[in-house]
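Architecture at a glance
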Amino acid sequence: MGNSMESQRDRSSIRVIATYSGGLDSILAAVLMKRLGFDVLLLHVQHLFSTGEVGRNRLRDAAKRAGLSVRIVDASEEHLETIRRPQHGYGQGMNPCIDCRIFMLKIANRVREEEEAEFVVSGEVLGQRPKSQHLKALAIAAEESGLGDRLLRPLCANLLPDTRPVVEGWIRKDELFAIHGRSRSTQMALAEEFGVTDYPQPAGGCVLIEKSYAGRVRDAFRHLGKDEVGLTQFQLFRLGRHYRLSDSVKVIVGRNQSENERLTELAGGRIRIDPLNVMGPTTLVEGCPTEDELLLGAALAARYCDHEGRTELQMRVVSHESDRTVAVAPLSPDDPRLAAWRIG
Ligand code: SF4
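Just so it is clear, the structure is predicted and the values come from calculations on it, not from any experiment.

1. Considerations on the overall build of the chain
Each helix and strand counted, the chain has 13 helices and twelve strands in total. The principal-axis extents of the C-alpha atoms in the chain amount to approximately 85 × 35 × 35 Å. Taken over 344 residues, the chain has a buried fraction of 54%. Summarising the internal contacts of the chain: among those between residues at least 6 apart in sequence, 66% fall at separations of at least 24. Counting every atom, the chain has about 16300 Å² of accessible surface; 48% of that belongs to carbon and sulfur. With 46 positive and 47 negative side-chain charges, the chain shows a separation of 3 Å between the mean positions of the two kinds.

2. What to know about the domain arrangement of the chain
With domains assigned, the chain is organised as domain 1 (4–194) and domain 2 (224–343). A C-alpha centroid distance of 43 Å is found between domain 1 and domain 2. On the domain 2 side, the residues contacting the ten residues of domain 1 number eight residues. Around 800 Å² of area is buried between domain 1 and domain 2 when both sides are counted, 59% of it from carbon and sulfur atoms. At the boundary of domain 1 and domain 2, one finds one salt bridge. We note a salt bridge from R85 to D227, for which the minimum N-O separation is 3.0 Å. Counting across the interface, domain 1 meets domain 2 through four residue pairs in polar contact (both at pLDDT 80 or more). Residues of the side of domain 1 that touches domain 2, tallied by class, amount to five nonpolar, one polar and four charged.

3. Considering the sheet that holds strand β9 (residues 283–286)
In spatial order, the strands read β11-β10-β8-β9-β7-β6-β12; together these seven strands make up an open sheet with antiparallel pairing. Each of the sheet's edge strands pairs with one partner strand only, and the pair in question is β11 (323–328) and β12 (342–343). Examined bridge by bridge, strand β8 (residues 271–275) and strand β10 (residues 313–318) share four bridges and lie antiparallel to one another. Note on β10: the bridge partner recorded for R272 is V318. Running at roughly 25° to strand β6 (residues 241–246), helix α9 (residues 211–224) makes contact with β6, β7 (249–253) and β12 of the sheet.

4. As for the nonpolar core
Ranked by internal contacts, the top residues of the largest apolar core, which has 37 residues, are I27, F38, F119, L152 and V196. At eight residues, helix α2 (residues 24–35) tops the list of elements feeding residues into this core. Apart from the residues lying within four places of it in its own chain, the contact partners of L152 are M33, F119, V120, V121, S122, A157, T163, P165, V166, I171 and L176. Judged by nonpolar contacts, the second largest core, of 25 residues, contains A299, L300, L313 and W341.

5. Re unusual backbone geometry
Phi is positive for E116, which is not a glycine, with a value near 50°. Its place among the elements puts E116 in the loop between α5 (97–114) and β4 (119–121). With phi around 75°, N277 is a residue other than glycine that occupies positive phi space. Accessibility expressed as a relative area gives 69% for N277, which makes it exposed.

6. Let's talk about the site of the ligand
In the vicinity of the ligand, the contacting residues are N95, P96, C97, C100, C206 and I209. Grouping the amino acids of the shell around the ligand by side-chain chemistry returns five nonpolar, one polar and no charged.

7. Some details on the pairing of β9
Alternating residues of β9 divide into T283 and V285 and L284 and E286, and every residue in both groups is buried. With three bridges joining them, β8 and β9 adopt antiparallel strand pairing. Paired with R272 across the bridge in β9 is L284.

8. Considering the sheet that holds strand β1 (residues 15–19)
Strands sit in the order β3-β2-β1-β4-β5 across an open sheet of five strands; the sheet is parallel. Each edge of the open sheet carries a strand with a single partner, namely β3 (69–74) and β5 (151–152). Docked against the sheet, α2 engages β1, β2 (39–46), β4 and β5, running at close to 160° with respect to β2.

Reading guide: rules and limits
The numbers attached to residues start from 1 for each chain and follow its sequence in the written order. Confidence filtering applies because this is a predicted model: local features only for residues at pLDDT of at least 70, side-chain atom pairs given and counted only at 80 or more, and all residues used for totals across whole chains, interfaces and linings. By convention in this description, side-chain values take in all heavy atoms of the structure and omit both hydrogens and water. Here a helix means four or more residues in a row that DSSP labels H or I, a strand means two or more in a row labelled E, and each is numbered from the N terminus. Burial classes follow relative accessibility: with a 1.4 Å probe on protein chains only, a residue under 20% of its type's maximum area counts as buried, one over 50% as exposed, and anything between as partly exposed. Every residue pair with non-hydrogen atoms within 4.5 Å of one another is taken to be in contact. Areas reported here follow the Shrake-Rupley algorithm with a probe of radius 1.4 Å; residue values treat only the protein chains shown as occluding. Working convention for charge: Lys and Arg count positive, Asp and Glu count negative, and His plus the chain ends are omitted. Charge positions are represented by NZ for Lys, CZ for Arg, CG for Asp and CD for Glu. Residue ranges labeled as domains rest on an automatic or database domain assignment. Put simply, buried area is how much 1.4 Å-probe accessible surface two parts lose in total, over both of them, once they are put together. Criterion for a salt bridge: a side-chain nitrogen of Lys or Arg within 4 Å of a carboxyl oxygen of Asp or Glu. In the analysis that follows, any N or O atom pair within 3.5 Å is treated as a polar contact, provided that within protein one partner can donate a hydrogen and the other can accept it, and provided that, for residues neighboring in sequence, both atoms belong to side chains. Polarity classes work like this: nonpolar for Ala, Val, Leu, Ile, Met, Phe, Trp, Tyr, Cys and Pro, charged for Asp, Glu, Lys and Arg, and polar for all others, with Gly in that last group. Following DSSP output, two strands are said to pair if at least two bridges run between them. All axes are obtained by fitting lines to C-alpha atoms, using only the stretch in contact for helices, and the reported angles, taken between N-to-C directions, cover 0 to 180 degrees. Note on terminology: a nonpolar core comprises buried Ala, Val, Leu, Ile, Met, Phe, Trp, Tyr and Cys residues joined through side-chain atoms within 4.5 Å. We call a residue near a molecule or strand when any one of its heavy atoms sits within 4 Å of it.

Structure (structure tokens):
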């Protein structure tokens, strides 16, 4: 137990930042702290791979039901640097989970200082994700985030070294838990006890783990250089079919109407190809294609048009410099180059 002056401190005067992914564990950790009498502020760190606006509204609703305020911080741009250069490497895809956890906690520490909070609470459970939530990884995350002993993981705190809230006597060990592993039974029981019955799920599996998405990230890092791969690129990796025609030229072909619309929105300085007179995809060409490569891109786009056996299609090619029409023969679906060019 810490010194008696501190232990007598009124918990309602102790501000706590609770990291909030939207998952059950994060909300349980926050509700536990509230029930123990602390002044809790939820923090949701938004990044490119977290939930969208609809999901954020669900997070806000769940926070409201729990009687907690939530602050949302958009850290998308900063998060990209973690993906480009993780100090602790990637998981099975291009997911730098250990660095990603450190990054989230760094933001939490920054918000802690801004909000004049004493410590940060996280819903992590030891061993729940064997590769990023083992003992060493949790210790690294606390240290490298700058939080050090100002981090409390109440769901598994009794399996970890004591941190400041316990040492100072603000909280007793018998108020904390020793949850370990992937079983959710203790959390489900706690959820029932706390009346946390309706909570949003965290965003589905992270795309960085997916083989095809990870392949597109790797390809862009290799051909463009990590620093050139920005937010728009990461958004484009989710859309369409990707083909690399050469070291400097990539073609992205939409797969449906909503992807076509999104590709048009994200086109930026890229060349856009749309079919004329037939239904077909919106296609983007990245890089500086030669005329032959551009015509190849148009033929590739034509392969996915409803050309009904026509041997030649008119395709509109729009760039910053020009808006013109080219005539191309659609590539055959059996063209072996398609498989060779395909990324992810
Ligand atoms: S799964 Fe994705 S979002 Fe989650 S910690 Fe890993 S890299 Fe970050």
